[in-house]
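# What the coordinates show
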Amino acid sequence: SPPSMSRVHVIVVSGPPGSGKGTHCSQASSEVNCGAKLLHVSAGEMMRLEACSGSNLGEEIKGFDSRGELLPGRIVMDVLSKMVGKLADGSWVLLDGFPRTMDNLEVLSKTWAFRDSTVQTPVSDSRAVVEGAVALTCPDSVVIDRILRRGKQGSGRADDESEEKIRGRLVNYHAQTVPVTEWFRVRGLLVEVDSSGDQRSVFEAFSSALRARGFPCSNLIKICFTGGPAGGKTSALRHVGRMLSAYGFEVLMVPEAPGIVLGGGASLPLSSNTDRDGSGGDPAVINRDLVRWQVALLQVILTLEDSFATMGQTNSMPTVLLCDRGTMDVKAHLPEAAWEQLLTTTGHDEVTLRDKRYDAVVHLESTAVSLHRAYSVGNNAQRTTDLGWGRRLDQRLEEAWGVHPSWHKIGSYPRFDEKMQAVEEAVLSVVKKHCPPRLPLRLLVTAEPFGFGPSAAVGHFFRYLRPRIAHLAYAGLGFTLDIQRQLPYDEVLDLKLAKTDEDSSAQDTWKRVVKNYDAVLVSSDFTFAGLAVEAGVPTAIYDPIAWFWPKLNNGNLPAAANCVDVYIAQDFFGVKEAVAGRTKSETIIVPPIVDAPSADVALGGDGDIGARENAVLINLGGLRNPYLTAAECASFAEIIVRATRPLALEHFDSCQVLTSSDMVQHLAATGACPDASTVLPAEAQQFLGRSRVAVMTPGLGNIYDAALFSERVFWLPAANDSQGMQLRSLQAEGLAPHSADWHELLGDSGGVAGGSDGWDSPIDFNLPQEQVMKRIAEGIRSALGERSNRFECRLRAKFLTALSVRAAGAGQGPTAAPVLRGLVTRFGLGGAANVGTAVHHKLLAPILRERRAQGQ
């Protein structure tokens, strides 16, 4: 049977001297104290404290000490019983150092109850119940070595410095205490833990042993998310779940009980749609059918939570239980008299339902309270609450939950990412002390210095790496450093500056640098991945364009894909077919790495963002070609901005240009755009989510951001071969209705067949890569030279057409879901978290296992 909350629960901890009893008991009392009070009690320390207290019992203890006599078990039990009498109901005690002998055990068994019914205790109303014992086992040789080391480091005990005395202590332990351990074993009350390993692995086993002896919430933290309608609760749960996984927690999500029962066909027994709580406007009225209904709902909530908690207690890692609403939400939907009737009927009390079930409560304020324009019922089939009831319900939920000792209110914010940041801070304040330790490894991350995409990808999955890794570094070149220098790495290396006189080539620099790290994660750069493998460093590569390589390499992936430890491919059209059976490395296919919390809002999740700003975003990330100089790329960006930005400002209130730092400087210097900027990927998504129209290069990251956030996209001509293939794929699927192609912008006939200059036919992006890249470079140079006026005028005209279609189709009301969202339905999202998981479990965990096996 489960432990009673009206008693104090005791777990006896035994083991030879030097086995780590004190260390692991102290750590458990500080780190595994989730949802239940856990106290480490050293019997010897308790006796010393009592002797100094001046009490009659203390004076008796002094007398035995002065005569050099062992304390009788009855005196030890008197002190322990006195201590237990002061503890709160439901507290748990780790009892270290008692009973040491069978005589001690006899006194214990006559004073406190035992979980095993075969142990007859004369005191039926014992304040404490012994749940069992945990024994730390360790070979004598290991114990002797540990204690001698402890003595040399100044433990303060004279008998820690003499091997002879240590052996004498062990003889006494085996003769007197081992029989006590055997007594617990034969009654099925003992769990043994091998304490000869490293401290972390022993502590994990020790925590599992406590759980096996009934400690109810070992390593389990329970947080309830609540709040009025359209507060962002569903999105916050997803966001927090991903964040906690990044910190190394196991995460379990308890589904919303009302959603389950209402979705299953149940309906509230209310007299009318306006009778929200069954009172008919009179709080003294009790709708007994509604009370019965809410009693049943409460039982569903309790059963779901308790079942998930039981499952969570089986995890060896710290686990967080995220509850989508909780017990006190029931109170908010009942008049006070009806709630009191429910408590009487069920035998529950409010303090237990609220304060003792949850470690924390997070209340997300409804947008109905202070962000009225964002409040909507149209994007949630089960949301029928009007604005007025939304406000009242939010207030009632605050009144029901607000006195919880760890209640966190998250107000409304104009920007949803700011609200999610506040949620993060609240949750971290609860779980921070329980975070698993960072992995003692040095991980180096790098990105291909071509286009903005590979470096932006690192920015996406950085947040799933940083919390778990002791030393995280980035090494790169040129503009790939723009984003990374804004992130909290332990170090950022410019490889151009890292070159030394000993390095005869850039490759020598790379190899020398990677040898300083335990593992390497590469975004797209197969050359660097190959060098890391040659240097003997475990390596993983993230490949966003796995579908692309077989079209260039006779059906094969790049050679490095076969020699890295982990090959992570991002899903897209044809990816599963491209990687199937083509690599010897461990291969993992992940969804697109877009993982911003506001993605859920953009998909119609909680309605936290109201009408978009009347703005345009021009995102020039990925405007790179290896056959062009940086100056040529910057000049090409200038032409695009001059063609599109004035139109955007003519038809909209504002226009934001995002690009790399060198292009920002060029646009400012030429006057084409004085306020262009370089931002992190999450900030770029925020701009996109607030804009009505976007002008973008067809890089894969931009494509997926647009699928989630943008109402309408005008695609620029491809700057490289992969962009061209991606745009063709979208066009073939009917997902890119507004785009500009090279033959349309440069040809004599404007893209109509019959021209004679070679630009009136589309580029075949399936030709050899070098040929395609050079052809695009020719087009850009033409746009910068003799055909600049033609290019700029036609680009402006196509953009104006896209704006006109938008205006004609959208009107003043909501727009239809963008066709690009079909990508999300097909391939999913949230792959950044998957990349982090793959790195932790497939790249780093094997390194740690190997080190432990070698005793490091």
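Rules used in this analysis
Residues numbered from 1 in each chain as written. Predicted model: local features only at pLDDT ≥ 70, side-chain atom pairs only at ≥ 80, totals over all residues. Heavy atoms only, no water. Pairing = 2+ DSSP bridges. Helix = DSSP H or I, 4+ residues; strand = E, 2+ residues; numbered from the N terminus. Axes fitted to C-alpha atoms, helices over the stretch in contact; angles between N-to-C directions. Contact = heavy atoms within 4.5 Å. 1 Å grid on protein atoms, 1.4 Å probe; cavity = no way out; pocket = protein on both sides within 12 Å on 5 of 7 lines; lining within 4 Å. Points joined across faces, edges and corners; volume = space filled by probe spheres on them. Nonpolar A, V, L, I, M, F, W, Y, C, P; charged D, E, K, R; others polar. Phe/Tyr/Trp six-rings, centres within 6.5 Å; stacked < 30°, edge-to-face > 60°. Buried < 20%, exposed > 50% of the residue type's maximum accessible area, 1.4 Å probe, protein only. Lys NZ or Arg CZ within 6 Å of the ring centre and 35° of its normal. Polar contact = N/O pair within 3.5 Å; in protein donor to acceptor, adjacent residues only side chain to side chain. Salt bridge = Lys/Arg side-chain N within 4 Å of Asp/Glu carboxyl O. pLDDT = per-residue confidence, 0-100. Parallel < 35°, antiparallel > 145°, perpendicular 65-115°, else oblique. Left-handed = near helix turned anticlockwise from the far one by under 90°.

For the rest of this paragraph, the subject is the sheet that holds strand 7 (residues 220–226). Taken in spatial order, the 5 strands line up as 8-9-7-10-11 in an open sheet, and their pairing is parallel. Edge positions in the open sheet fall to strand 8 (250–254) and strand 11 (407–410), since each of these has one partner strand only. Averaged over all adjacent pairs, the angle separating strand axes in this sheet is 20 degrees, with direction ignored. Relative to strand 9 (residues 319–324), strand 8 runs parallel, the two being bridged by 5 bridges. Within strand 9, the residue paired with L252 across the bridge is L321. Together, strand 7, strand 8 and strand 9 form the strand contacts of helix 11 (residues 288–312), whose direction differs from that of strand 8 by roughly 165 degrees.

The next subject is empty space enclosed by the protein. Evaluation of the coordinates by the stated rule reveals 3 cavities of 30 Å³ or more. Lining the largest cavity are 11 residues, with F452, L620, G622, R624 and S660 positioned closest to its centre. The class makeup of the residues in the lining of the largest cavity is 5 nonpolar, 5 polar and 1 charged. In this structure, the second largest cavity occupies an estimated 40 Å³ of space. Taken together, V12, S14, P99, A133, V180, T181, F184 and L190 form the lining of the second largest cavity. The biggest single contributor to the lining of the second largest cavity is helix 7 (residues 163–186), with 3 residues. Class assignment of the residues belonging to the lining of the second largest cavity gives a composition of 6 nonpolar, 2 polar and no charged.

The subject of this paragraph is the sheet that holds strand 17 (residues 566–570). Note on sheets: strands pair through backbone hydrogen bonds, and any given pair is parallel or antiparallel. In space, the 7 strands of this open sheet follow the order 14-13-12-15-16-17-18, with parallel pairing throughout. Of all strands in the sheet, those with a lone pairing partner are strand 14 (491–494) and strand 18 (586–590), marking the two edges. Here the strands of the sheet are splayed against their neighbours by 20 degrees on average, with no regard to which way each runs. Sheet topology note: the strand 16 (residues 539–543)/strand 17 ladder contains 4 bridges and is parallel. Counterpart to I541 in the pairing with strand 17 is Y567. With respect to the sheet, helix 18 (residues 453–461) is in contact with strand 12 (439–447), strand 13 (469–476), strand 15 (519–523) and strand 16, its orientation differing from that of strand 12 by roughly 150 degrees.

Glancing now at the packing of aromatic side chains. Considering all chains together, one arrives at 20 aromatic pairs under this definition. Between F573 and F827 the ring centres are 5.2 Å apart and the planes differ by 85 degrees, which places this aromatic pair in the edge-to-face class. Here F827 lies in helix 33 (residues 822–827) and F573 lies in the loop between strand 17 and helix 23 (575–579), a separation of 254 residues in the sequence. F827 shares its class with F573; the two are buried. Counting every residue linked through ring pairs, the aromatic cluster contains F526, W547, F548, W549, F572, F573, Y704 and F827. K222 extends its terminal NZ or CZ atom over the ring of Y358, reaching a point 4.9 Å from the ring centre. If you follow R775 out to its NZ or CZ, it ends over the ring of W759, 3.6 Å from the centre.

All right, on to the environment of N562 then. Checked against the element boundaries, N562 lands in the loop between strand 16 and strand 17. Along the primary structure N562 and T583 are separated by 21 residues, whereas in three dimensions their C-alpha atoms are 4.8 Å apart. Residues contacting N562, with those up to four places away along its chain left out, are R582, T583, K584 and S585. At 3.0 Å, the side chain of N562 and the backbone nitrogen of K584 are in polar contact.

Of the voids in this model, the largest pocket is the one considered here, and its volume is about 1,900 Å³. Every residue lining the largest pocket is counted, 50 residues in all, and those nearest its centre are P17, K21, G97, R100 and R157. Mapped by element, the contributors of at least two residues to the lining of the largest pocket are strand 1 (8–14), helix 1 (21–31), helix 2 (43–51), helix 5 (102–111), helix 6 (140–152), helix 7 and helix 8 (199–212). Residues that form the lining of the largest pocket fall into these classes: 13 nonpolar, 21 polar and 16 charged.

Across all of its chains, the model carries 41 salt bridges by this definition. E60 is paired through a salt bridge with R74; the nearest N and O atoms lie 2.8 Å apart. Placement of E60 in helix 3 (residues 56–66) and of R74 in helix 4 (residues 73–84) is noted, with a sequence separation of 14 residues between them. Given the relative accessible area of 31%, E60 is considered partly exposed. A salt bridge links K576 to D571, with the nearest nitrogen and oxygen atoms 2.7 Å apart. Exposure remark for K576: the relative accessible area of 48% places this residue in the partly exposed category. Exposure remark for D571: the relative accessible area of 7% places this residue in the buried category. One network of salt bridges, in which partners are shared, links K233, E256, D324, R325 and D329.

Considering every residue of the chain, the mean pLDDT works out to 83; 86% of them sit at 70 or more. Mean pLDDT per element in the chain: helix 24 (residues 598–602) is the minimum at 40, and strand 15 is the maximum at 96. Per-residue pLDDT stays below 50 along residues 378–383; that stretch engages in 13 contacts with residues further than four places along the chain or on separate chains.

Two numbers describe how helix 11 lies on helix 13 (residues 336–346): the axes approach to 10 Å, and their chain directions differ by 55 degrees. When the axis of helix 11 is compared with that of helix 13, the two are oblique. As for the relative orientation of helix 11 and helix 13, their crossing is right-handed in sense. Residues R288, V291, Q294, V295 and L298 of helix 11 form the contact with helix 13, whose own contacting residues are A338, Q341, L342 and T346. Of the residues contributing to the contact of helix 11 with helix 13, the split by class is 5 nonpolar, 3 polar and 1 charged.

The subject of this paragraph is the side chain of S455. One can find S455 in helix 18. Among residues more than four places away in sequence, those in contact with S455 are A447, Y474, T480, I483 and Q484.

Attention now moves to unusual backbone geometry. Following F98, the chain continues into P99 via a peptide bond in cis, with omega recorded as 0 degrees. Structurally, P99 is set in the loop between strand 3 (92–96) and helix 5. Unlike most non-glycine residues, A230 shows phi in positive territory, near 60 degrees. In this fold, A230 is placed in the loop between strand 7 and helix 9 (233–246). Using a relative accessible area of 3% as the deciding quantity, one classes A230 as buried. For R325, which is not a glycine, the phi torsion comes out positive at approximately 70 degrees. Along the polypeptide, R325 turns up in the loop between strand 9 and helix 12 (328–332).

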